[in-house]
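These are the residues of each chain, in order.
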Amino acid sequence: MNPQPQINKGLWLGLLGIVIFSVTLPMTRLATGTPDAPQMSGVFIALGRAVVAAALSAVFLLATRAPLPRRQDWWPLAITAGGVVFGFPLFTSIAMRYVEAVHASVIVGVLPLTTAAVGALLHRQRPSAGFWLCAALGSALVVAFAMLRSDGAAGGLSISFADLLLLAACLCAAIGYGYGAKLSQHMRAEHVICWALVMALPLSLPLSLISWPAAPLKATAWWGFAYVAVFSMWLGFFAWYRGLALGGTVRVSQVQLVQPFLSMLFAVPLLGESLDAVTVGFGLAVIATVFAGKKMPVHQAAHVPMAGPSPLLSAKEQ
C-alpha cells in the first residue's frame, strides 16, 4: 500500500490547522490590548477560552458517543492539557500585551524545531540528516528575519520577560503537540483535544471566574476572545492532531515554519501593521525549506520492542 496519499493528507490537514493557529497571536493582541489601553487579562483569555472550548467539547463528546479514555491514556492527556490548554495559551496571552504580533510571530518561529525534536523522542523516529538540515535552515531563516527586523524595532531582540514567556510557550506547545499526536494514533483526533479540555475544566473554570474582567471592554476584545476560544483552542486541533497522526509528527511539524509569516499577513488587516518586501521574501524562503524537508526521509529508530512495530509511527515510517 502506497503511504504517500496518507502523508499528503496529513500535511494538508496540518496546514489547515496552522492557518487557524496563525490568527491566534493577532486575535490575542486584540483581546489583551496594549499597556496603554489594556483589555482582558492574559489569565482570563487563556483560561476563559479553555472553558468555552471545554463546553463545546462536552457536547461533541456526547454527540459522538465518545468512549472514555483508557486508563493508560489519562497521564498523556494530562500532559497534553498542561501544554496546549494551560501552558501555551497562558504564556502567550500574558506576553501579547507587551509585544506586537509581528515580533511575537518570529519568536514563535522556533516552534517547528522543538515540535520535531519532541516528536522524534516520543515516536521513536530517526529523521535523516537532510531533514534536520532543512529544519535548521528554516529556523535560521526565522532567526535571521527576527534580527533584521530588530534593527528598526523599539526593543530589538533583547530577551525581555515577554520573549521568555513566548519561548516557554513554544516548549509547552511542542510537548502538548507531541503527546496529542501520540494519543491520536489510537483515539480520534477530535476526542484527544476534547478530553484534554474537559479534563482541565475543574481548574480552568474557577480560575476564569476569578479573573473575569471587572470593567467594560471593547467589542473587538470579545471578538478576539471568541476566535481563540472556538478556533484556536478547539477546531484548529481537530485538523492539527489528525494531520500529525497521518503524516508523522516530525514531518508535519515543519509546516509550522510558515506560521510566523501567516500571522504577519493576518496582522496587517487586524492590527494595522505593515508588510514589506523583505517579509515576503523571507516567507517564501521558509516555505521552500518546508517543501524540501517534506521530501527528506524519516525512519523508524533501529531499536524496536519485541512486541512488534510501534503503533505510534505513520505508515510511511513503518
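## A few points about the overall build of the protein chain
Check the secondary structure of the protein chain and you find 13 helices and two strands. With 318 residues in all, the protein chain has 55% of them scored as buried. Across the protein chain, every contact between residues at least 6 apart in sequence was considered, and the portion connecting residues at least 24 apart equals 89%. For the protein chain, the accessible surface area stands at approximately 13,800 Å², while carbon and sulfur atoms represent 72% of it.

## Digging into unusual backbone geometry
Even without being glycine, arginine 65 reaches a positive phi, approximately 50°. Mapped onto the fold, arginine 65 is located in the loop between helix H3 (42-63) and helix H4 (74-95). According to the relative accessible area criterion, arginine 65 is exposed, its value standing at 75%.

## A closer look at the state of the cysteines
Summed over the entire model, instances satisfying the criterion amount to zero disulfides. Cysteine 172 forms no disulfide, and the closest cysteine sulfur to it belongs to cysteine 170, at a distance of 9.3 Å. Taking the relative accessible area as the measure of exposure, cysteine 172 reaches 18% and is therefore buried.

## What to know about the pattern of salt bridges
For the structure shown, the criterion picks out two salt bridges. Among the salt bridges present, the one from arginine 70 reaches aspartate 73, with a minimum N-O distance of 3.2 Å. Accessibility expressed as a relative area gives 41% for arginine 70, which makes it partly exposed. Residue classification places aspartate 73 among the buried residues on the basis of a relative accessible area of 3%. Among the ionic pairs, arginine 188 bridges to glutamate 190, the shortest N-O distance being 3.2 Å.

## Some points on a nonpolar patch on the surface
Residues Leu265, Val268, Leu275, Val280, Leu284, Ile287 and Phe291 make up a contiguous nonpolar surface patch of roughly 590 Å² in combined accessible area. Residue assignment for the nonpolar patch shows that the elements contributing at least two residues are helix H12 (259-271) and helix H13 (277-294). Top element by residues in the nonpolar patch is H13. It accounts for four residues. Topologically, isoleucine 287 is positioned in helix H13.

## A short note on the nonpolar core
The nonpolar side chains of soluble globular proteins are, as a tendency, buried together. Counting 71 residues, the largest nonpolar core has Val85, Tyr177, Leu197, Phe237, Trp240 and Tyr241 as its most contacted members. Here this core takes 11 residues from helix H8 (residues 161-183), the largest share from any one element. For tryptophan 240, the residues in contact, after removing those within four places along its chain, are Leu13, Gly14, Gly17, Ile18, Phe21, Tyr177, Val252, Ser253 and Gln256. Of all hydrophobic cores here, the second largest spans 13 residues; its members include Ile20, Phe44, Ile45 and Phe225.

## Regarding the environment of serine 211
Mapped onto the elements, serine 211 comes out in the loop between helix H9 (189-210) and helix H10 (219-247). On the basis of relative accessible area, serine 211 is assigned to the buried category, the value being 17%. In sequence terms serine 211 and isoleucine 45 are 166 residues apart; their C-alpha atoms lie 9.1 Å from each other. In this view, serine 211 contacts Ser41, Val43 and Phe44; residues no more than four positions away in its chain are not counted. In this structure the side chain of serine 211 is engaged in a polar contact, spanning 3.3 Å, whose partner is the backbone oxygen of serine 208.

## Here's the deal with the confidence of the model for the protein chain
Predicted coordinates in regions of low pLDDT should not be interpreted in detail. In this model, the protein chain carries a mean pLDDT of 84, and residues with pLDDT of at least 70 account for 89%. For the protein chain, per-element mean pLDDT is lowest for strand S2 (residues 298-300), which scores 70, and highest for H3, which scores 97. For the stretch residues 151-158, pLDDT sits under 50, and the model shows nine contacts to residues farther than four places along the chain or on other chains. A low-confidence stretch, residues 303-318 (pLDDT under 50), is modelled with 32 contacts involving residues beyond four sequence positions or located in other chains.

About the criteria used
Residues numbered from 1 in each chain as written. Predicted model: local features only at pLDDT ≥ 70, side-chain atom pairs only at ≥ 80, totals over all residues. Heavy atoms only, no water. Helix = DSSP H or I, 4+ residues; strand = E, 2+ residues; numbered from the N terminus. Buried < 20%, exposed > 50% of the residue type's maximum accessible area, 1.4 Å probe, protein only. Contact = heavy atoms within 4.5 Å. Areas by Shrake-Rupley, 256 points an atom, 1.4 Å probe, with all protein chains shown as cover. Disulfide = S-S within 2.5 Å. Salt bridge = Lys/Arg side-chain N within 4 Å of Asp/Glu carboxyl O. Patch = residues over 30% accessible without salt bridge, like charges linked within 9 Å, V, L, I, M, F, W, Y side chains within 5 Å. Core = buried A, V, L, I, M, F, W, Y, C linked by side-chain atoms within 4.5 Å. Polar contact = N/O pair within 3.5 Å; in protein donor to acceptor, adjacent residues only side chain to side chain. pLDDT = per-residue confidence, 0-100.

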